Number of protein chains: 2
Amino acid sequence: MPAIPDIAVNWNSLWEKINSGDQHALARTISLIENEFPGYDEFLKKLGNPSGARIIGITGPPGAGKSTIADTLIGEWAGIGNKVAVICVDPSSPFHFGALLGDRLRMNQWYNHPSVFIRSLSSRGSLGGLNPHIIEIADLLKAAGYERILIETVGVGQNEVDIAGLAETTVVVLVPASGDDIQAMKSGILETADIFVINKSDLPQADELARYILTRTMSANPNGEEPPVIVKTIATEKQGIPELYVQINLHLEKFNDSNQKIDLLTEKAWRLILQKKMREVNKTQLKEKILKEERAGKFNLYQFISDI
Amino acid sequence: MPAIPDIAVNWNSLWEKINSGDQHALARTISLIENEFPGYDEFLKKLGNPSGARIIGITGPPGAGKSTIADTLIGEWAGIGNKVAVICVDPSSPFHFGALLGDRLRMNQWYNHPSVFIRSLSSRGSLGGLNPHIIEIADLLKAAGYERILIETVGVGQNEVDIAGLAETTVVVLVPASGDDIQAMKSGILETADIFVINKSDLPQADELARYILTRTMSANPNGEEPPVIVKTIATEKQGIPELYVQINLHLEKFNDSNQKIDLLTEKAWRLILQKKMREVNKTQLKEKILKEERAGKFNLYQFISDI
């Protein structure tokens, strides 16, 4: 077997290119982080953390209109001269391909915009539903001067809880008659959603859905905190988008003052530590050890765990 | 503040009671494990691992008929004298309550059956979608002489991937026209499902769903392994249940021979190690450390992580 060539990465040069606005260098750096290329951890330590950059999460069931809303938000931000990064987290499923590709195509107009950067990440290998390196990648985007980082996930199961632990403002997009979808969502999102969007709000049952959200979130929150913000939109006609935009800004400002910031940092640190610990456990070696003990007829799972 | 009384647990006595068929003692022991009551880890080391006991997972979207099918399977097993345990994993959501309670009530007839044990577990605090102690609890049930352990989860997001890492046979229940639900499922379940049930198969589109499952699973599996088993049922009329029962037994037998057993043990060990490592990280202490460094103006997330 020929020797594997020693591929050297010049992190400093990559960083210079990123700073000069080179999106290819940025995309390549993200791939290096995703693949844990040697040196990526030292590189991350040297990144700054601009205080103005903000992460906004957008989630909801398939077909609720997340991408259309993301699209109009990108337009608002880019319109006032913000640099915008969009991360689409694909569930790591070949079965999603068709559905999501359709969504993503709607964002097409932004792919060649110089101040908009779009990247899809898979959720494969993560503990929860997001990409195992999404925290690092979002921090890279912040350091690279992106002022608004929009993370879009399909809100089923675990994803939407994870997004709430990463984003400073979490927007949950629902459509009338998606009562079943709400039931399929974990409580985490209903508790941590900062803004609910009821899209396609010209459909009947829009008011019913609003009442449902209020009842459910208020009953889960007996200590009488503020009710959630609910914005009604018809995204395809841009109706309600200005109000959503205002509400996001209001929430981001509030966040800046609060000690939620430390909570979010703690959550991020905790996840990074878990990912680190998870990498320390080698499944192949684990299997070999178990196989050996099992063959010797002396394998005891709980003894095995406590010995580690 | 008065001293907290020193509550002693006599694990040996609990175990004797469990062995004599005392379901209250079993329920109490499960609660002690869930709460990590001192001594539970030593208790687990002493459990045997009867080779005949089997874990069957059943998952699928809400309303697919999982509980009705579970119900008939319990009947089949109890009918031939098997001891059957059923674990229902509730997403840790107050919002689920209504929907799931309805499901669970259908199982009512089994609650007082001496050889059937039913327990609900929340998924709160788990890394994936299942209860953090479900592996230990399933092993306790095996040791307690339960021969069939049925784990029922709502298949949205992460749950169904986790169940496949725990169960020896995983049954996925779908209904015609739940194409959206399939799309919302992660690929994990479609790849690891051992048996698909198309329930309410008298509905139109049942054949279409079967073709869809075949196409999707085959295209995700280009190496040409066996196509998945698909069983059509009308659970409310017990139609198709005998075939499902046969297919489950066939799969369990196949599993017994294969080295999937070691893979499953490795997966279980890996998860238990992660849970253990996760417990070692104290979030409150983490937050205090971060707050201190942040106030001193010298907090660097990636330096912080690499120092841990």
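Below: a short report on this structure.

Rules used in this analysis
- Residues numbered from 1 in each chain as written.
- Chains lettered and ligands numbered in written order.
- Predicted model: local features only at pLDDT ≥ 70, side-chain atom pairs only at ≥ 80, totals over all residues.
- Heavy atoms only, no water.
- Helix = DSSP H or I, 4+ residues; strand = E, 2+ residues; numbered from the N terminus.
- Buried < 20%, exposed > 50% of the residue type's maximum accessible area, 1.4 Å probe, protein only.
- Axes fitted to C-alpha atoms, helices over the stretch in contact; angles between N-to-C directions.
- Parallel < 35°, antiparallel > 145°, perpendicular 65-115°, else oblique.
- Contact = heavy atoms within 4.5 Å.
- Nonpolar A, V, L, I, M, F, W, Y, C, P; charged D, E, K, R; others polar.
- Salt bridge = Lys/Arg side-chain N within 4 Å of Asp/Glu carboxyl O.
- Left-handed = near helix turned anticlockwise from the far one by under 90°.
- Expected span 1.5 Å × (residues − 1).
- Polar contact = N/O pair within 3.5 Å; in protein donor to acceptor, adjacent residues only side chain to side chain.
- Phe/Tyr/Trp six-rings, centres within 6.5 Å; stacked < 30°, edge-to-face > 60°.
- Lys NZ or Arg CZ within 6 Å of the ring centre and 35° of its normal.

1. Focus: unusual backbone geometry
All names here are of chain B.
Here comes step 1: In this structure, Glu 36 takes a positive phi of about 50° despite not being glycine.
Here comes step 2: Note on placement: Glu 36 falls in the loop between helix H2 (23-34) and helix H3 (40-45).
Here comes step 3: Exposure remark for Glu 36: the relative accessible area of 32% places this residue in the partly exposed category.
Here comes step 4: A positive phi angle, close to 60°, is found at Lys 238, a residue other than glycine.
Here comes step 5: Within the secondary structure, Lys 238 sits in the loop between strand S7 (229-232) and helix H11 (241-257).
Here comes step 6: Given a relative accessible area of 56%, Lys 238 falls into the exposed group.

2. Notes on the packing of helix H6 (residues 134-143) of chain B against helix H12 (residues 260-280) of chain B
All names here are of chain B.
Here comes step 1: Viewed as axis vectors pointing N to C, H6 and H12 meet at an angle of 130°, and their least axial separation amounts to 10 Å. As the angle between them shows, H6 and H12 are arranged oblique. Contacts between H6 and H12 involve Ile 135, Glu 136 and Asp 139 from the former and Lys 268, Arg 271 and Leu 272 from the latter.
Here comes step 2: Of the residues that constitute the contact of H6 with H12, the class distribution is two nonpolar, no polar and four charged.

3. Here's the deal with the pattern of salt bridges
Residues and elements named next belong to chain A.
Here comes step 1: For the structure on display, the rule yields 22 salt bridges over all chains.
Here comes step 2: Linking Lys 142 and Glu 168 is a salt bridge whose minimum nitrogen-to-oxygen distance equals 3.2 Å. One end of the pair, Lys 142, is in helix H6 (residues 134-143); the other, Glu 168, is in the loop between helix H7 (159-164) and strand S5 (169-174), and 26 residues separate them in sequence. Pair check on accessibility: Lys 142 and Glu 168 agree, each one buried.
Here comes step 3: Residues joined in a network through salt bridges with shared partners are Arg 54, Lys 142 and Glu 168.

4. Section: the packing of H2(B) against H6(B)
All names here are of chain B.
Here comes step 1: Where H2 contacts H6, the two axes come as close as 10 Å, and the packing angle between them is 155°. Here H2 lies roughly antiparallel to H6, going by the angle between them. When you trace H2 past H6, the crossing you get is right-handed. Of the residues in H6, those in contact with Leu 26, Thr 29, Ile 30, Ile 33 and Glu 34 of H2 are Glu 136, Ile 137, Leu 140 and Leu 141.
Here comes step 2: Among the residues forming the contact of H2 with H6, the class breakdown is six nonpolar, one polar and two charged.

5. Let's talk about helix H13 (residues 283-295) of chain A
Here comes step 1: End to end, H13(A) covers 18 Å across 13 residues, agreeing with the expected 18 Å (1.5 Å per residue, within 8%).
Here comes step 2: Of the residues that open H13(A), the one with a side-chain oxygen 2.9 Å from the backbone nitrogen of A:Thr284 is A:Asn282.

6. A look at the packing of aromatic side chains
Here comes step 1: According to the stated counting rule, one finds eight aromatic pairs over all chains in the structure shown.
Here comes step 2: The interplanar angle of 55° and the centroid separation of 5.4 Å between the aromatic rings of B:Phe299 and B:Phe304 together place this pair among those described as tilted. Per residue, the accessibility class of B:Phe299 equals that of B:Phe304, and both read buried.
Here comes step 3: Taken together, the ring pairs in this structure connect A:Trp11, A:Trp15 and A:Phe43 into an aromatic cluster.
Here comes step 4: Geometry around A:Tyr146 places A:Lys83 over its ring, the cationic atom sitting 4.4 Å from the centre.
Here comes step 5: For B:Lys283, the ring lying beneath its charged end belongs to A:Trp270, and the centroid distance is 4.1 Å.

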